[in-house]
Amino acid sequence: MPAIEFHRVGKTYRGARGTLRALDGVSFDIEAGEFFGLLGPNGAGKTTLISILAGLARATEGTVRVMGHDVVTDFAAARKALGIVPQELVFDPFFNVRETLRIQSGYFGVRGNDAWIDELLGELGLADKAGANMRQLSGGMKRRVLVAQALVHKPPVIVLDEPTAGVDVELRQTLWGFIARLNREGHTVLLTTHYLEEAEALCGRIAMLKQGRVVALDRTSALLAGTASTMLRFKTDDPLPPALAAQARVTGRIVQLKAQDAAQVEARLAALRGAGVRVEDLEIGRADLEDVFVEIMRGAEAPA
């Protein structure tokens with residue numbers, strides 16, 4: 001039985017300005033024990049899909065199940081099987097960290113789990129903040145508490161919605177080490193993130209959404225292999241010749257150019273020299289998930 005099932009899920013918003021089709025027939029399963037990535041640009045439908053999964057929104061059509069439980073007709077069982085880390089920093093300002101986790105446990109009917117709460121506090125670097133009021137915590141510490149809240153009832157399925165947005169490197173390393181351990185122990189993990197290097201490193205399989213539809217769904221290794229090519233990465237302060245500029249991905253001073261083979265690498269470098277472009281820190285490597293993502297979002301066919 002899959003841990004999560006999306007079957008022909010559609011969501012349409014209707015208002016005074018017309019209709020918006022946020023999701024259009026989204027179908028895929030996430031198997032128990034998977035570390036699964038859900039990627040897409042802003043407005044692709046990721047948050048809508050997560051909201052339907054969590055029971056915060058209702059699909060216009062289709063069905064969603066968690067551990068076999070329909071999120072509409074068997075909401076309580078489906079929600080108990082989920083631990084969700086939201087994007088927003090939502091917290092109750094009247095309780096300290098330990099009280100917050102005990103109250104969250106009570107929502108799911110879990111009692112006497114102080115040993116697990118202590119373990120969560122230790123693993124997430126919150127042990128010395130257990131008695132601190134939530135209002136006193138920094139944004140990064142509040143994010144850690146949200147993760148602990150999602151895990152306090154030991155759900156079999158963990159949903160991480162942009163969990164490391166705006167947090168420091170230490171928290172990222174702490175969080176991913178702990179989540180990877182839970183995944184090894186059998187927990188299913190669904191991750192949405194804009195940090196594609198995280199998705200590439202962590203996720204065994206990935207779905208990409210574009211305008212409410214699944215445009216890629218495969219193992220991470222297959223996605224990378226399906227669009228494999230050589231990438232030239234370098235820094236420059238000079239403008240690129242128009243023919244190369246049209247094909248380049250430029251981030252500040254960093255330029256990335258695709259090349260299919262060694263001959264094209266030589267041709268691209270010759271074109272840069274001929275145009276008088278001064279190249280610094282040249283690297284020649286393989287395409288990464290960000291390259292694959294950009295290509296698919298630009299309309300290229302996804303690998304089968």
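Scoring rules and cut-offs
- Residues numbered from 1 in each chain as written.
- Predicted model: local features only at pLDDT ≥ 70, side-chain atom pairs only at ≥ 80, totals over all residues.
- Heavy atoms only, no water.
- Domains from an automatic or database assignment.
- Pairing = 2+ DSSP bridges.
- Helix = DSSP H or I, 4+ residues; strand = E, 2+ residues; numbered from the N terminus.
- Contact = heavy atoms within 4.5 Å.
- Axes fitted to C-alpha atoms, helices over the stretch in contact; angles between N-to-C directions.
- Patch = residues over 30% accessible without salt bridge, like charges linked within 9 Å, V, L, I, M, F, W, Y side chains within 5 Å.
- Areas by Shrake-Rupley, 256 points an atom, 1.4 Å probe, with all protein chains shown as cover.
- Salt bridge = Lys/Arg side-chain N within 4 Å of Asp/Glu carboxyl O.
- Buried < 20%, exposed > 50% of the residue type's maximum accessible area, 1.4 Å probe, protein only.

A. How the structure looks around the domain arrangement of the protein. For the protein, the assigned domains are domain 1 (4–224) and domain 2 (228–286). With centres defined by C-alpha atoms, the gap from domain 1 to domain 2 works out at 38 Å.

B. Here's a closer look at the sheet that holds strand β2 (residues 18–30). Across the sheet, which stays open at both edges, the four strands sit in the order β2-β1-β4-β5 with antiparallel pairing between neighbours. Whereas interior strands pair on both sides, the edge strands pair on one side only; in this sheet they are β2 and β5 (69–70). Examined bridge by bridge, strand β1 (residues 4–15) and β2 share nine bridges and lie antiparallel to one another. Bridging across to β2, Glu5 finds its partner in Asp29. Contacting β1, β2 and β4 (61–66), helix α1 (residues 46–54) runs over the sheet at an angle of about 110° to β1.

C. Just a nonpolar patch on the surface, in detail. A cluster of nonpolar side chains, Val279, Leu282 and Ile284, forms an exposed patch at the surface whose accessible area comes to about 240 Å². Inspection of the secondary structure assignment puts Leu282 in strand β14 (residues 280–286). The class for Leu282 is partly exposed, based on a relative accessible area of 40%.

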